[in-house]
Amino acid sequence: MLKLKVAGMTCGGCVSSVTRAVTAAAPGSKVSVDLKSGEVAIDGAASRQAVISAIEDAGYDVIGEAA
Ligand SMILES: [Cu+2]
């Protein structure tokens with residue numbers, strides 16, 4: 001399980017964009033986004049760097065790892 005703190009998500013559209021980007025970077029993993037806390041949880045075999053790049057390419061900032 002990889003959990004990232006992402007800045008810049010403000011609405012359901014952002015949640016969909018981030019979910020889509022992460023799913024593309026980590027196929028087969030389960031992605032859940034908590035808009036309120038800005039946390040993105042990826043459950044499955046995901047490359048940390050690929051996921052971070054995908055989120056940043058989608059236009060959001062990864063500001064750290066969530067506990
Ligand atoms: Cu939005």
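This is a predicted model, so every value here is computed, not measured. (Residues numbered from 1 in each chain as written. Predicted model: local features only at pLDDT ≥ 70, side-chain atom pairs only at ≥ 80, totals over all residues. Heavy atoms only, no water.)

**Quick word on the nonpolar core**
Grouped together as the largest cluster of nonpolar side chains are 16 residues, with contacts concentrated most on L4, V6, V22, V40, I42, V51 and I55. For this core, the secondary structure elements donating two or more residues are β1 (2-7), α1 (12-25), β3 (39-43) and α2 (48-57). Those residues within four positions of L4 in sequence are excluded, and the remaining contacts are G38, E39, V40, I42, V51, I52, I55, V62, G64, E65 and A66. (Core = buried A, V, L, I, M, F, W, Y, C linked by side-chain atoms within 4.5 Å. Buried < 20%, exposed > 50% of the residue type's maximum accessible area, 1.4 Å probe, protein only. Helix = DSSP H or I, 4+ residues; strand = E, 2+ residues; numbered from the N terminus. Contact = heavy atoms within 4.5 Å.)

**Structural notes on the pattern of salt bridges**
In the structure shown here, the tally under the stated rule is two salt bridges. With a closest N to O distance of 3.6 Å, K3 and E39 form a salt bridge. Separated by 36 residues along the polypeptide, K3 in strand β1 and E39 in strand β3 bring together distant segments of the chain. A relative accessible area of 29% places K3 in the partly exposed class. Taking the relative accessible area as the measure of exposure, E39 reaches 22% and is therefore partly exposed. (Salt bridge = Lys/Arg side-chain N within 4 Å of Asp/Glu carboxyl O.)

**Regarding the sheet that holds β1**
Spatially, four strands are ordered β2-β3-β1-β4 in an open sheet, and the strand pairing comes out antiparallel. Here the strands that pair on one side only, and so sit at the sheet edges, are β2 (30-34) and β4 (61-65). With strand direction ignored, the average angle separating the axes of adjacent strands in the sheet is 30 degrees. Set on the sheet, α1 makes contact with β2 and β3; between it and β2 the angle comes to about 155 degrees. Relative to the sheet, α2 contacts β1, β3 and β4, its axis offset from that of β1 by approximately 20 degrees. (Pairing = 2+ DSSP bridges. Axes fitted to C-alpha atoms, helices over the stretch in contact; angles between N-to-C directions.)

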